[in-house]
Structures are given as structure tokens and as C-alpha cells.
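Examining the three-dimensional arrangement
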Amino acid sequence: MPRRTITVGRSVEGRPLCVYLFGSSKSSPTVFLGGFHGDEPKSVRLTDQLIGWLSDEGLEGPTCSAIVMPVVNPDGYDIRKRRNARGVDLNRNFPTANWQRGNPRSRLFGGDQPASEPETRAVIRLLERYKPSRIVSIHSIDRHRFCNNYDGPAKRLAEGMARHNGYPVKGGIGYPTPGSFGTWAGVERRIPIVTLELPSHHSVKRCIGDNKMALLYAVLGGRPLRRV
Ligand SMILES: [Zn+2]
């Protein structure tokens, strides 16, 4: 079972932003986030599974911990839309040096200001409070662009996950992402972060099967998982 369940804020429409804490509070956690984009429900299904696995298997003693935020964008997820209730792409709303407002009609709208959205600020508060040693942000992507995409000092983490899920390792996604969470956490704060892009053409069942050990690897930083 989770050590604790907390709410780190509310969405634009007032939905609670729930977070599940596992393992010891004494060690620096791995943070997992799903549902940044509401039209990528596979990411939420996978974080829900992760909560189940961590609840069942337990973690090995005082040396590891995990924090799971299954749905960063619950308003968008509720209606299966990419952006939040104010039309902002939360993965372009982080206060980075390269943040851009962009076009409000674009699916990549960065918001009127950096960190203008309550969901973005909740993620920032979460990371500032718990100071993770690594982060896995889960998305999905269309045809053949699925990957373990890393920012900051996370090449080894991405390669370790790739040994389990078989997805390519990429240092860039192939297009600029101003204001992205990966830039904010990985490039600017040097927290190892992998943006796990699930193949949207694979079934939920397959995504879950292919990624179980990759996510548990990320929890333990490469150490084997033991039951407690
Ligand atoms: Zn996405």
C-alpha cells in the first residue's frame, strides 16, 4: 500500500491533483507522472498499474522510494483532450529559459505566462518538496516515434529502461519543445528525466507488459527488486 496519498493542488476546474507516496521518506524518490496530455490515456493506465505493482510488491527496505502522480491534467483527461481546461499545453508551460507563449489556438499553446497553470505549479511544488533523484514522465506518441527520451544526466537511466522495454533511446525528440517539463527538470535543474513515449498504436495491455520491468528498474536505479 502507499505510505501516504496526498493532494498537491487542484486543476483549473477544481479536480484534486492526487499523488501516491511509496517506500521510505528518508531516501530521494523516483517520481512518475502520467496524463500530462489528456488525450494520451495509455500513460494514465500505465501509472495506475504502477501504483498497483508498487502496492503489491513492496519496496526493499529503507533505500528506495517512489512517488506517482497518475494524472497531471485531470480536466483534459476527463474529456480526452491534450490541453488543460484553459487550452494550455502543460508540457509547454514550465518556466524555462526557452519558454514561448505561442498561439492560443495551437495545440502547443504555452500559456499567457510561464507556470500560469495550477497543474504546472503543482508539479513544480511536488518536485521542490520531494527532490527526486530521477523522474519518468509518461506520454504516448504516434507511429514509430516511441522512445525513451532523456533530458539532463539521464542517458544511463534511459538505456537501462530500454533494456527492459526495447524502445529506442533518444537524446532529443526531433523538434523544439520550449517550456517543456524535460527542459525544466533535466536540462535546467540537472535532475535525470526520461520522457517515456509509449507507442500509441500498441494496445494498453502490450504497453503495460512491455514497461513493467522498465518502470521498476527506474524505481530502483538498476538494483534488483526484492519482495519485503
Ligand atoms: Zn504527450
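Relevant structure appears above.
To keep things clear, this report deals only with the structure shown in the data block. (Residues numbered from 1 in each chain as written. Predicted model: local features only at pLDDT ≥ 70, side-chain atom pairs only at ≥ 80, totals over all residues. Heavy atoms only, no water.)

Here we take up the overall build of the chain. Each helix and strand in the chain was counted, giving six helices and eight strands. For the chain, the sequential pattern of α-helices and β-strands runs β-β-β-α-β-α-α-β-β-α-β-α-β-α. Relative to the globule expectation of 17 Å for 228 residues, the C-alpha radius of gyration of the chain, 16 Å, shows essentially globular dimensions. For the chain, the C-alpha atoms occupy an extent of roughly 50 × 35 × 30 Å along the three principal directions. Across the 228 residues that make up the chain, the buried fraction comes to 56%. The long-range share in the chain, meaning contacts at least 24 apart out of those at least 6 apart in sequence, stands at 73%. If you sum the accessible surface of the chain, you get close to 10100 Å²; carbon and sulfur atoms cover 49% of it. Charge separation in the chain, taken as the distance between the mean sites of 35 positive and 20 negative side-chain charges, equals 3 Å. (Helix = DSSP H or I, 4+ residues; strand = E, 2+ residues; numbered from the N terminus. Rg over C-alpha atoms; globule rule 2.2 N^0.38 Å. Buried < 20%, exposed > 50% of the residue type's maximum accessible area, 1.4 Å probe, protein only. Contact = heavy atoms within 4.5 Å. Areas by Shrake-Rupley, 256 points an atom, 1.4 Å probe, with all protein chains shown as cover. Lys, Arg positive; Asp, Glu negative; His and termini not counted. Charge placed at Lys NZ, Arg CZ, Asp CG, Glu CD.)

This part covers the coordination of the zinc ion. Summarising the metal site, the zinc ion is bound by the protein donors His37 (ND1), Glu40 (OE), Glu40 (OE) and His139 (ND1), whose distances to it range over 2.0 to 2.3 Å. Of note is the zinc ion, whose four donor atoms meet at the metal with angles of 57 to 151° in an arrangement that counts as irregular. Here the donor residues for the zinc ion map to a single chain with the spacing H-x2-E-x98-H. Each member of the pair, His37 as well as Glu40, carries the same accessibility label: buried. (Donors = N, O, S within 2.8 Å, 3.2 Å for Na, K, Ca; no water. Tetrahedral: all angles 85-135°; square planar, octahedral: opposite > 155°, others 65-115°.)

With that out of the way, let us pick up the sheet that holds strand β1 (residues 4-10). Pairing is mixed across the open sheet formed by eight strands, whose spatial order is β1-β2-β4-β3-β5-β8-β6-β7. Edge positions in the sheet fall to β1 and β7 (169-170), since each of these pairs with one other strand and no more. Contacts between helix α3 (residues 118-130) and the sheet are confined to β1, β2 (16-23), β3 (30-33), β4 (65-69) and β5 (134-141), with β1 contributing the most and set at about 135° to the helix. Taken strand by strand, helix α4 (residues 155-165) contacts β5, β6 (147-151), β7 and β8 (193-199), and its axis lies near 170° from that of β6. (Pairing = 2+ DSSP bridges. Axes fitted to C-alpha atoms, helices over the stretch in contact; angles between N-to-C directions.)

Taking 1.5 Å of rise per residue, the 17 residues of helix α6 (residues 204-220) would be expected to cover 24 Å, and the 24 Å separating its terminal C-alpha atoms lies within 8% of that figure. Maximal helix bending in α6 amounts to about 45°, located at Asn211. Listing the buried residues of α6 in full gives Cys207, Ile208, Asn211, Ala214, Leu215, Leu216, Tyr217, Ala218, Val219 and Leu220. Residue Gly221 follows α6 closely and has a positive phi angle near 60°. (Expected span 1.5 Å × (residues − 1). Bend = angle between axes of the 7 residues up to and from the residue.)

A few words now on the pattern of salt bridges. If you walk through the whole model with that rule in mind, you get nine salt bridges. With a shortest N-O distance of 3.0 Å, Arg101 and Asp112 are connected by a salt bridge. Taken together, the residues Arg101 in the loop between α2 (74-78) and α3 and Asp112 in the loop between α2 and α3 connect sequence positions eleven residues apart. Judged by relative accessible area, Arg101 falls into the partly exposed class, the value being 37%. What you see here is one network of salt bridges that share partners, running through Glu13, Arg15, Asp75 and Asp78. (Salt bridge = Lys/Arg side-chain N within 4 Å of Asp/Glu carboxyl O.)

A few words on the environment of Leu33. Structurally, Leu33 is set in strand β3. Spatially, the C-alpha atom of Leu33 lies 20 Å from that of Arg107, the residues being 74 residues apart in sequence.

The end-to-end C-alpha distance of α3, which contains 13 residues, comes to 18 Å, matching closely the 18 Å that a straight helix rising 1.5 Å per residue would cover. Those residues of α3 not exposed but buried are Pro118, Glu119, Thr120, Ala122, Val123, Ile124, Leu126, Leu127 and Tyr130. Where α3 ends, the next residue or the one after it, Lys131, has phi of about 45°, a positive value.

By the definition in use, this model includes six aromatic pairs. Ring geometry for Phe36 versus Phe94: centroids 6.1 Å apart, planes at 50°, classification tilted. Remark: Phe94 occurs in the loop between α2 and α3 and Phe36 occurs in the loop between β3 and α1 (41-57); sequence separation between them is 58 residues. By the ring-pair criterion, three or more aromatic residues cluster together here, those being Phe36, Phe94, Phe181 and Trp184. (Phe/Tyr/Trp six-rings, centres within 6.5 Å; stacked < 30°, edge-to-face > 60°.)

By themselves, these figures tell us nothing about what the structure is for.
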